[in-house]
Amino acid sequence: MTPVGLVVALLVGAWAPQGEGPPARWVDEVRFELDARDLARDLDSALAAVEASGAARWNERCARLDALARALEFDPGTPRLALPAALLAAASDAHPNVRAAALVAAGLEPRWAASLLARRELCQALARDLLPETRAALAAAHVAAFEGGLDPAPAIDLLIDLAADEDVEVRRTAGHALVAALASGELERSPQRLADLVTQLWSAGEHHPTLDLIVALEAAVPPVAGLERFAAGLEGELLAVARALVLVAGGEADPLEIATHWPPRFGDRARLEPLLWRAVHASGEATPWLEVAIERGDGDLARAVTYALGTGPLVELAPVLPGVDALPLLEALGESVTRWEAADAEALLASEAPVGAVVDALGAAALEGDPGASACLAAALVGLPPGPRERALRLLSPAAIAEHSDAIFAAWEATGRPLDWIDRLPRGVPAAAFRLALLEFGADRGLRARVAAPLGAFDGDPVVIELLTGWLDEELSDVELGVQASGQGAEALASALLHAGGATSAAVVAGAVASAAGPAPDVAAALARRLGESASGRAHLAAMLGRDAAVPGPWPTAVIDEALIAIAAAGATASGDLELLVERLPAMPDERQARAFTSLRLRGAEVSAAAVAALAADSTARLTLRLRAIDALTAIGPRAVDLVVDVFRLERDFEVRAACVRVLGDIGGEQGIRGLERLRQELGGDRQQPGFVEPAVEEGRVLLDEELRIELAGLAAPVLDGEGGFLCAVVDDAPRGVVARFARESGPSVEFLWRVEIAAALALARAGRLGEGLAASDAWWHADGRLLLLLARAAEGEDGARLDLARAAVVALLGESGPVGTSTDRARLVAFALEVDGGQWEAIAGRAGQLLRGRVLGQLSDRAWQAALGGPLPADGRDPLVWLQCLRHQARAMAALDRGEMDAARAAADRAAPLAPRSSAAAELQARIEDRLKG
C-alpha cells in the first residue's frame, strides 16, 4: 500500500460503516486520493504539486509524492527531467513517511534514483531510518538506480547491512537489490553474499523467498562471470539451479549434473519449470536430461525436453527402451504429440514399453483425429490385451473407425464379437466391414434397434433398405397389437430407413405413421417427427395436413403438431398453418411446445404478432408458455414493439414484465429504444400511484428499472446525454467507494454493482464512441479501479480509449490495492499490451523497465504475469521474459530511429542483440531495427 494509502487505511480501520457517510475527519484523506488521480494524469502537474507542498502537513506532502509516483506509472514514456529538487528535499524530510514516499517515487525513474542514491551520506542516514518502510524503499530504489547508471560497488556494504535488517521485508528487498547489483557488474562481493543469503534461506526451509531470488536472477540477466561466482558458493540442489542460470546465460555447465540434482519437491519444481526449459534448450542436447528422467521415472524432466527441444528425441528413444523405462517418455509424449508419423507409432507399438501407456500416448492424438495414430491403433487392436484394447477403441473417432473398419472388424471377430462394439460404430459413415454382421444380428428382433443406426449409414444399399423396411413392418404389427416395447424400435428403424433409403423410404415411413395413428398416437407422432427431418418426408407431412385429398384423416393431435413444427422449421408451410400452429401451442406438452416455438422463431417475419402476443397476455396460461411467447416476439421484430408494450402495461407479474424488457432490448434499433422508453414511463406511472405498496412489489419495480437502464445502455441509447456523462453514478460514488476499499469492506462485485455502466461502455465501444463517452464523463478516472480495468479489458476497438482506461486503472488500483498486488499488476500488463499494440515506443520502454524491475524485486504477481504473457516454450521460440528483456532496449531503439538519432538507436539495438535469438518475437523486431539502421 502507498504511504498515503496506509494513512487512510489506519483512519478507516477505526470506522465501522452503518450506512452513513464517513466522519468529517476523513474528508482530507479522500480528497488526497482523488486529487492523486487527477495529478497523475500529467507529470508536470504532479511535480508542481510536490514543489508547492513543502510547507503543508506531512500527510499532504505524502499525498503529493504518491501522486508523483502514480504519474510515473500512468505514462512511463513521458520524458523525465533531472532529479527534481523537491524530491531530493523530500528524501531528507523530517517525517519518515514522507521520506519513504520520496524513495518510492524516485525508484520509478532510474535516472532520478541514480542521482538521489549517489549521495552516500543521505543513503547512510536513510538506512538507519526508524521506519522499516523507508529502509525497504531505499533498498528497492537501488534496483532502478543501478539501471540508471549508479556504480554498484559503493552500495554493496549498505545493501549487505540491509540484508541483515531486523525487518523481514527490508531483508527480502535488500536481497533482491543485491541481484540487481550483480546484474550491473558488481562481481566482487555480491555473488558470495547472494550465495550465502540463498543458502541461508533454503536451509531454513524458506523456499518461496529463495525461489523469488532465483526468478529475480533470471529477470536481471547478470553476466556469466557473476553467475559462475554465485554458483561456486552453492551446493546440491541450489548448485544445480545456479548452473542452469549459467547455462541459460551462455556459460558452460554440465547438463547431466544439473538434471541429477534438480530439486525434487513439486512446489519448487513448479516455480522453476521455466528455468529448466530454458536450460534444456540452451544445452541443445536431450540425452543427459532423458537419462536422468528414465533413471528416476521423472516425467517432469521428459516434458522439459519436449518444451525445450521438441518431441523428436523422445519419439526416437522411447521405442528402444526396455519395459517401464519408457514410461516417463510416454507420459510426456501423450501430452505433447498431436501428429504421429505412422512409422513412429508402429515402432512404439512394437516396442517393449507397457502397452497401456503406449495406447494412451497414441490415443491422445487419435482422439483429435490424427490419421497416423488412428491407423496404428486400429491395426493393433487385434493383438492388444482386453483393457488397452477397450481404451484404444474409445479413443478412435467415428471417421477413423469407418476408415479402418477392416482392421477393427478383424479385432472384433477375434475377441468374440462383443455387442458393445456395435454402439461405437459411426452413424453418418458406413463401417463397410461390419455390414453383413449387422444384417445377421438383425435376425434377432431384440437387437434390431441397436443395429439400426449403423445400418442407416449404408446410403442407397438395396439389401439394407429392404431388410429395414421388413423389420419396420414387423414392429408396426406389434404396435397395432399394443406391444409396449415396439414404439422405440419402430422409431429407430424408421430413422435408419430414412437415412438409407431417402425419398423412396419416406413413403414407407409415411405409411407407418398412418398404420400407428390409430392404435399408438405417440408412436405415430415420433415417426412423424423423424419424417420431418428430410425434404421428402416433409412433403408427406404436408399432404397429411390436408393438401392432398387422397391422404386419409383425421390425424391424431400429436401427429398434426409434429407435422406443423417440422414444416414450419423448414420454411415450407403456408401462413394459415403458422396460425394453426400458434393456436395449438397451449395444448402441447412442454417439450413439444419448446420445439414449436423454436420453429416459430425461425419464421418470425411471417408469424402473426397479435396471435403470439395474445398468448403472452393470457394471464390464465402457464407461465412457461407466456415467457416463450414473449421470447418469440423477438423474431417478429419491430412490428411487435407496440404489442410488447401493451403486455407490459397490462401485466403485474415480474417475470413476464422482465421478459418484455429483454425482448425490446433484443429487438433493438430505434423502435426497440422507443419501446423501452415507453416501458420506463409505464413503470414510473406505477410508482407514482398513491396507496400502500408491498415491499416485494416495490423491489420488483426497482429491479425492472435497473433492467430497463441496462437494456437502454446496451443499445447505446442516449448514454452521452445528461449531466456528468455515462459514468456519473460511478464518479458520484467514488468518495464512498474509496473509503470502503481502504477499509477492505466486502461488497457486491463491480460486474453486478455497475451493470448499467458496463453495458453502456461496451455498447459505446461497439459503436466506436467509447472515447467520446469518456470525454463526456466528468472525472471518470475517479471510478473504482476494478471497474476501469474491467472496461479496459472487455471493450473492443478504440485502443486509445482502452489505454486511457487501463492507465487510469493502474493509478486507481495503486491507491486501492497498493503497488504490490495481482489486480494492480493486471492493470499494468493490460496497459503494456495496449502500448505495444499502439507502437508507443517510449511508453513501451518505460513500462517494460518497470515490469522487469518488479520481477527483479519479486513484486510482480506470477498469476498476472502468466495470464498476460504465458510461459516459455523454447522449442517454438516463445519466451515472454526474454522478449520483455529485449523489448526494453528495442523500444528505445525504435523511438530513437523515429527521432532520427541513429547512434542512440545503434546502442540500444546492440544491448538487445545477444538475447534476441532466444525469442522469435524479439528476433523479428531486431531484424526490423537492423534493416532500418542499414537503410
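In the nomenclature of an unreviewed UniProt entry, the chain corresponds to HEAT repeat protein from the organism Engelhardtia mirabilis.

A few words on the overall build of the chain. In terms of regular secondary structure, the chain is built from 54 helices and zero strands. Principal-axis analysis of the C-alpha atoms places the extent of the chain at approximately 110 × 90 × 60 Å. The burial tally for the chain puts 54% of its 935 residues in the buried class. The contacts in the chain between residues at least 6 apart in sequence include a share of 70% that link residues at least 24 apart. Just so you have it, the chain exposes about 38200 Å², and 53% of that area is on carbon and sulfur atoms. Within the chain, the 132 negative side-chain charges are centred at a point lying 4 Å from the centre of the 87 positive side-chain charges.

With that settled, the discussion passes to the domain arrangement of the chain. Domain annotation for the chain reports domain 1 (42–186), domain 2 (423–607) and domain 3 (839–934). Its C-alpha centre places domain 2 at a distance of 64 Å from the equivalent point of domain 3.

On to the nonpolar core. One finds Trp 289 and Trp 340 to be the most contacted residues of the largest nonpolar core, which totals 273 residues. If one sorts the elements of this core by residue count, helix α31 (residues 486–517) sits on top with 14 residues. Of all hydrophobic cores here, the second largest spans 40 residues; its members include Val 756, Leu 788, Ala 801 and Ala 812.

Let us now look at the packing of helix α14 (residues 224–232) against helix α15 (residues 236–248). In the contact formed by α14 and α15, the axes pass within 9 Å of each other and the chain directions differ by 170°. By the criterion of interaxial angle, the relationship of α14 to α15 is roughly antiparallel. Here Val 224, Leu 227, Glu 228, Phe 230 and Ala 231 of α14 lie close against α15, whose contacting residues are Leu 239, Ala 242, Arg 243, Leu 245 and Val 246.

For the coordinates displayed, the defined rule picks out seven aromatic pairs. Aromatic pair Phe 409 and Trp 412: ring centres 5.6 Å apart, planes at 50°, arrangement tilted. Taken as a pair, Phe 409 and Trp 412 lie in helix α27 (residues 405–414) at a separation of three residues, close to a single helical turn. Plain terms: the ring middles of Phe 409 and Phe 434 are 5.2 Å apart, the flat faces sit at 90° to each other, and that makes the pair edge-to-face. Of the two residues, Phe 409 sits in helix α27 while Phe 434 sits in the loop between α27 and α28 (435–441), which places them 25 residues apart along the sequence. Residues Phe 409 and Phe 434 agree in their burial class; the two are buried. Members of the aromatic cluster, each reached through a chain of ring pairs, are Phe 409, Trp 412, Phe 434 and Phe 441. Positioned over the ring face of Trp 781 is Arg 41, at 4.3 Å from the centre of the ring. The ring of Phe 441 carries the charged tip of Arg 417 above its face, separated from the ring centre by 6.0 Å.

A full pass over the atoms with the stated rule returns 73 salt bridges. The salt bridge partner of Asp 370 is Arg 339, with a shortest N-O separation of 3.8 Å. In this pair, Asp 370 sits in the loop between α23 (355–367) and α24 (371–380) while Arg 339 sits in the loop between α21 (327–336) and α22 (342–349), placing the two residues 31 residues apart along the sequence. Given the relative accessible area of 57%, Arg 339 is considered exposed. Linking Arg 906 and Asp 910 is a salt bridge whose minimum nitrogen-to-oxygen distance equals 3.0 Å.

In this structure, Val 221 is a non-glycine residue whose phi angle is positive, near 55°. With respect to the helices, strands and loops of the structure, Val 221 is situated in the loop between α13 (207–220) and α14. Val 221 sits in the partly exposed class, given a relative accessible area of 35%. Unusually for a residue other than glycine, Ala 779 sits at a positive phi of about 45°. Structurally, Ala 779 is set in the loop between α46 (770–775) and α47 (785–794).

Mapped onto the elements of the fold, Leu 213 is located in helix α13. Assessed through its relative accessible area of 3%, Leu 213 is described here as buried. In this structure the C-alpha to C-alpha distance between Leu 213 and Leu 857, which are 644 residues apart in sequence, comes to 8.3 Å. Contacts of Leu 213, omitting those with residues within four sequence positions, involve Gly 175, His 176, Val 179, Leu 197, Val 198 and Leu 201.

Tracing the chain through its elements places Tyr 307 in helix α19 (residues 299–309). Apart from the residues within four sequence positions on either side, Tyr 307 is in contact with Trp 277, Leu 873, Pro 874 and Ala 875.

This next bit is on helix α7 (residues 110–117). Counted residue by residue, α7 has six buried out of eight residues, so it is predominantly covered. By the burial criterion, the buried members of α7 are Pro 110, Trp 112, Ala 113, Ala 114, Leu 116 and Leu 117. Residue Glu 109 occupies the N-cap position of α7, its side-chain oxygen lying 3.0 Å from the main-chain nitrogen of Arg 111.

Formally, a disulfide is one covalent bond, and it connects the sulfur atom of one cysteine to the sulfur atom of another. Under the definition given, this model contains zero disulfides. With no disulfide of its own, Cys 123 lies 19 Å from the sulfur of Cys 62, the closest cysteine sulfur.

Glancing now at the side chain of Arg 807. Among the structural elements, Arg 807 can be located in helix α48 (residues 799–816). Overall, the relative accessible area of 8% leaves Arg 807 in the buried class. Looking at Arg 807, its side chain comes within polar contact range of the side chain of Gln 840, at 3.2 Å. Ignoring anything within four residues of it in the chain, the contact list for Arg 807 reads Phe 74, Asp 75, Ala 831, Glu 835, Gln 840, Ala 843 and Arg 847.

Turning next to the confidence of the model for the chain. For the chain, the mean per-residue pLDDT works out to 89, and 94% of the residues sit at or above 70. Predicted confidence is poor over residues 1–21, with pLDDT under 50, and the contacts of this stretch with residues over four places away or in other chains come to 42 contacts.

Rules of the game
All residue numbers refer to position in the chain's written sequence, counted from 1. Given that this is a predicted model, residues contribute local features only at a pLDDT of at least 70 and side-chain atom pairs are listed and counted only at 80 or more, while totals for whole chains, interfaces and linings are drawn from all residues. Processing note: side-chain calculations cover all non-hydrogen atoms of the structure and skip hydrogens and water entirely. A helix here means a DSSP run of H or I that spans at least four residues, while a strand means a run of E at least two residues long, and both kinds are numbered starting from the N terminus. Remark: exposure states derive from per-residue accessible area (1.4 Å probe, protein chains only) relative to the maximum for the residue type, with buried under 20%, exposed over 50%, and partly exposed in between. Whether two residues touch is decided by their heavy atoms; if any such pair falls within 4.5 Å, the residues are in contact. Note that accessible areas follow from Shrake-Rupley with a 1.4 Å probe, and for residues the cover is restricted to the protein chains shown. Neither His nor the chain termini are counted; the positive set is Lys and Arg, and the negative set is Asp and Glu. A single reference atom marks each charge: NZ on Lys, CZ on Arg, CG on Asp, CD on Glu. Each domain's extent is set by a domain assignment, obtained either automatically or from a database. Nine residue types can take part in a nonpolar core, namely buried Ala, Val, Leu, Ile, Met, Phe, Trp, Tyr and Cys, and a core is a set of them joined through side-chain atoms within 4.5 Å. As a rule, the C-alpha atoms of each element are fitted with a line to give its axis, helices using only the stretch in contact, and angles between N-to-C directions run from 0 to 180 degrees. Should an angle fall under 35 degrees it is taken as roughly parallel, and over 145 as roughly antiparallel, whereas 65 to 115 is taken as roughly perpendicular and any remaining angle as oblique. Pairing of aromatic rings covers Phe, Tyr and Trp, the last through its six-membered ring, and needs centres within 6.5 Å; plane angles under 30 degrees mean stacked, over 60 mean edge-to-face, and all others mean tilted. Charge-over-ring placement is defined geometrically: NZ (Lys) or CZ (Arg) within 6 Å of the ring centre, and within 35 degrees of the ring normal. The term salt bridge refers to a side-chain nitrogen of Lys or Arg lying within 4 Å of a carboxyl oxygen of Asp or Glu. For this analysis, a polar contact is any N or O atom pair within 3.5 Å, provided that within protein one partner can donate a hydrogen and the other can accept it, and provided that sequence-adjacent residues contribute only side-chain to side-chain pairs. Disulfides are defined as cysteine sulfur pairs within 2.5 Å. The predictor attaches a confidence to each residue, and that confidence, scored 0 to 100, is pLDDT.

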